[in-house]
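Here is what each chain is made of, one letter per residue.
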Amino acid sequence: MGVRLKSKHLYEFGSYRLDAAERVLLRDGQPVTLRPKDLETLLVLVERASHIVEKEELLEKVWPDVFVEEGNLARHIFNLRQVLGDSPDGRKYIETIPKRGYRFVAPVKNLGPPAISQIGTETGQPLPRQEIRFCVTNDGVRLAWSSVGSGLPLVKAANWLNHLDYEWESPIWKHWIAQLTRYHRLIRYDERGNGLSDWEVKEMSLELWVRDLETVVDSARVDRFALMGISQGGAVAISYAVRHPERVSHLILPGAYSQGWKDRATAEELEGRRALVTLVRLNWGKNLPGFSDMFTKRFVPYNTTHEHQRWWDDLQRVSTSPGNAVRILEACDEINVRGLLPSVSVTTIVFQCDDDRAPAEEGRILAAEIPNARFVPLPSANHILFADEPA
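Our subject in this report is the structure included herewith. Throughout, a residue's number is its position along its own chain's written sequence, starting from 1. Where local features are concerned, this predicted model is filtered to residues with pLDDT of at least 70; where side-chain atom pairs are given and counted, the filter is 80 or more; whole-chain, interface and lining totals use all residues. Side-chain descriptors were evaluated using all non-hydrogen atoms of the structure, hydrogens and water having been removed beforehand.

Some remarks on helix 8 (residues 267-283)
Point 1. Counting from the N terminus, the helices are the DSSP runs of H or I reaching at least four residues and the strands are the DSSP runs of E reaching at least two. By this rule the span expected of a helix is its residue count minus one, scaled by 1.5 Å. With 17 residues, helix 8 should cover 24 Å at 1.5 Å per step; its first-to-last C-alpha distance of 24 Å lies within 8% of that length.
Point 2. Accessibility here uses a 1.4 Å probe with only protein chains present; expressed as a share of the type maximum, an area under 20% marks a residue as buried, one over 50% as exposed, and anything in between as partly exposed. Those residues of helix 8 that sit buried are Arg-273, Leu-276, Val-277, Val-280 and Asn-283. Relative to the axis of helix 8, the buried residues are bounded by an arc of 155° and lie together on one face. In helix 8, the exposed positions angled more than 90 degrees off the buried face are occupied by Ala-267, Glu-268, Glu-271, Arg-274 and Leu-282.
Point 3. Only heavy atoms enter the contact rule, under which two residues are in contact if any of them lie within 4.5 Å. Residues of helix 8 that are buried make contact with helix 7 (261-264), helix 9 (289-299) and helix 11 (322-333).
Point 4. Of the residues one or two after helix 8, Gly-285 is the one with positive phi, at around 75°. The arc in question is formed by the directions pointing from the helix axis toward the C-beta atoms.

Quick word on the sheet that holds strand 1 (residues 10-13)
Point 1. Two strands are counted as paired when DSSP detects at least two bridges linking them. As summarised here, the arrangement of the 5 strands in space is 4-3-2-1-8, forming an open sheet in which the pairing is antiparallel. Looking at which strands have only one partner, the edges of the open sheet turn out to be strand 4 (30-31) and strand 8 (109-110).
Point 2. Sheet analysis places strand 1 next to strand 2 (residues 16-19), joined by 4 bridges and oriented antiparallel. The partner of Glu-12 across the bridge, within strand 2, is Arg-17.

A short note on the sheet that holds strand 6 (residues 94-97)
Point 1. One open sheet accounts for 3 strands, arranged 5-7-6; its pairing is antiparallel. For this open sheet the edge positions go to strand 5 (52-54) and strand 6, each flanked by a neighbour on one side alone. Recorded for the sheet is a direction-independent mean angle of 30° between the axes of neighbouring strands.
Point 2. In this sheet, strand 7 (residues 101-104) lies alongside strand 6 in antiparallel orientation, the contact comprising 4 bridges. Within strand 7, the position partnered with Glu-95 by the bridge is Arg-103.
Point 3. Geometry is summarised by axes, namely lines fitted to C-alpha atoms with helices restricted to the contacting stretch, and by angles between N-to-C directions that run from 0 to 180 degrees. Where helix 1 (residues 36-47) meets the sheet, it contacts strand 5, strand 6 and strand 7, and its direction lies at approximately 65° from that of strand 7.
Point 4. Together, strand 5 and strand 7 form the strand contacts of helix 2 (residues 55-62), whose direction differs from that of strand 5 by roughly 70°.

A few points about helix 10 (residues 306-319)
Point 1. For helix 10, spanning 14 residues, the distance from its first C-alpha to its last is 20 Å, which sits close to the expected 20 Å at 1.5 Å a residue.
Point 2. Within helix 10, 12 of the 14 residues are buried, which leaves the element mostly enclosed by the surrounding structure.
Point 3. Along helix 10, the residues that are buried comprise Glu-307, His-308, Gln-309, Arg-310, Trp-311, Trp-312, Asp-313, Asp-314, Leu-315, Gln-316, Val-318 and Ser-319.
Point 4. Here the buried face of helix 10 lies against strand 3 (24-27), strand 4, helix 3 (70-84) and helix 9.

Focus on the pattern of salt bridges
Point 1. Salt bridges, as used here, are contacts in which a Lys or Arg side-chain nitrogen is within 4 Å of a carboxyl oxygen on Asp or Glu. A full pass over the atoms with the stated rule returns 18 salt bridges.
Point 2. A salt bridge links Lys-37 to Glu-40, with the nearest nitrogen and oxygen atoms 3.3 Å apart. Taken as a pair, Lys-37 and Glu-40 lie in helix 1 at a separation of 3 residues, close to a single helical turn.
Point 3. Residue Lys-37 is classed as partly exposed on the basis of its relative accessible area of 22%.
Point 4. Glu-57 is the partner of Arg-48 in a salt bridge, and the nearest nitrogen-oxygen pair spans 2.5 Å.
Point 5. A cluster of three or more residues bridged by salt bridges with shared partners is formed by Arg-48, Glu-57 and Lys-61.

Thoughts on the side chain of Thr-348
Point 1. With respect to the secondary-structure elements, Thr-348 resides in strand 15 (residues 347-353).
Point 2. Each polar contact in these results corresponds to two N or O atoms within 3.5 Å; when the atoms are within protein, one needs to be able to donate a hydrogen and the other to accept it, and residues that are neighboring in sequence are counted only if both atoms are side-chain atoms. In terms of polar contacts, Thr-348 uses its side chain to reach the backbone carbonyl oxygen of Val-346, at 2.9 Å.

Concerning the packing of aromatic side chains
Point 1. Side-chain rings of Phe, Tyr and Trp, where Trp is taken by its six-membered ring, are said to pair if the distance between their centres is within 6.5 Å; with planes under 30 degrees apart they count as stacked, over 60 as edge-to-face, and otherwise as tilted. Following the criterion strictly, the structure yields 10 aromatic pairs and no others.
Point 2. Taking 5.9 Å as the distance between ring centres and 70° as the angle between the ring planes, the aromatic pair formed by Phe-13 and Tyr-93 counts as edge-to-face. With a gap of 80 residues between them, Phe-13 in strand 1 and Tyr-93 in the loop between helix 3 and strand 6 connect regions that are remote in the sequence. Side by side, Phe-13 and Tyr-93 carry an identical accessibility label, which is buried.
Point 3. Taking the centre distance of 5.9 Å and the plane angle of 40° together, the rings of Phe-225 and Tyr-240 count as tilted. Pair noted here: Phe-225 is in strand 13 (residues 225-229) and Tyr-240 is in helix 6 (residues 233-243), with a separation of 15 residues, a long-range link.
Point 4. The class for Phe-225 is buried, based on a relative accessible area of 1%.
Point 5. Under the relative-accessibility criterion, Tyr-240 is labelled buried at 0%.
Point 6. In this arrangement the basic side chain of Lys-156 is found over the ring face of Trp-173, its NZ or CZ atom lying 5.1 Å from the centre.
Point 7. We call a charge positioned above a ring when the Lys NZ or Arg CZ atom is no farther than 6 Å from the ring centre and deviates by at most 35 degrees from the ring normal. Its guanidinium or amino end placed over the ring of Tyr-257, Arg-264 lies 5.0 Å from that ring's centre, counting from NZ or CZ.

Some remarks on the nonpolar core
Point 1. By size, the foremost hydrophobic cluster in this structure holds 81 residues, and its most contacted members are Trp-160, Trp-209, Leu-227, Leu-251, Leu-253 and Trp-312.
Point 2. The biggest single contributor to this core is helix 5 (residues 206-220), with 7 residues.
Point 3. Sequence-distant contacts of Leu-227, defined by excluding residues within four places in its chain, comprise Leu-154, Val-155, Ala-157, Leu-213, Ala-237, Tyr-240, Val-248, His-250, Leu-251 and Ile-252. In this text, buried Ala, Val, Leu, Ile, Met, Phe, Trp, Tyr and Cys residues form a nonpolar core when linked through side-chain atoms within 4.5 Å.

On their own, these measurements won't tell you what the molecule is for.
Structure (structure tokens):
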């Protein structure tokens, strides 16, 4: 656990606004992606602005009851200076006090407790706190899952590139969490080999992903719930709904597909897919500009900012290993639940972005072959919708 400041105040310095309650940093009104420990370090320094914060005090507040080398603190200070755009001598925002600690030197205005969350969601309400817990599958894999909000339960089947803690502050997922928890208890989890779940797993397959979902919902003790499956999570959600129709009230499928690359792609497309797998194996998590840009554009090619790009880069590193990334890609390519579609008996809605790389044809197949499904096309090329998109 890190520092949990008692202050719920809103601070303003330069072009930045820091919400201590929601742990959100904005620059000119836009979210800034910070690693969790970077943000906690900034919170301590800003709350003590103009005062020297001793290194020992920073270490104690950011890493309570954990021994951490001083070099880790210096690295987080360096990261903050890079993000904030500090001057080379550290006099713009964070000043180093030799052999003692650090001081936040920029003028800070305390705006008092914020009336609403400062993130650009339409709810006008701050995010509720998430509770992260763990459960164990029949084959011994530890899965991390979280419960957020209250109301009718809504379960999100895991998809690739999940990390319960890191995506909480991300500019790509935060608005989803805010909207989905407005009237519901949202249950999310990191799939095996991802995020806070076990990375060392012997097997990876659609069948095991479905069993993982079964384990999570049983652990969460929800008897009947709406089930959402994004991307590969769609196949997991469909499979679960066919096996357990009595437990699923509604099925929500944004950007989902019933067939992986192996069964839907041309020979030329499969050759390109194999090349992508090789690039992932060699370059995953290395923050190489060419690879990072290519990979990000596969998911969010429309209206992507530098913050989005950096978030995707960091998510690669924190979400999974290069070996697991390849195994997940290959398991996704093997997915084929098209034969199950006529057996789906729950109320279903399919959302499909017009120019998504998960082809629009897949969305139409889902809507046409799932009985009485509703199809909603969306004007976007992104696999995951940003907060400011018309879609």
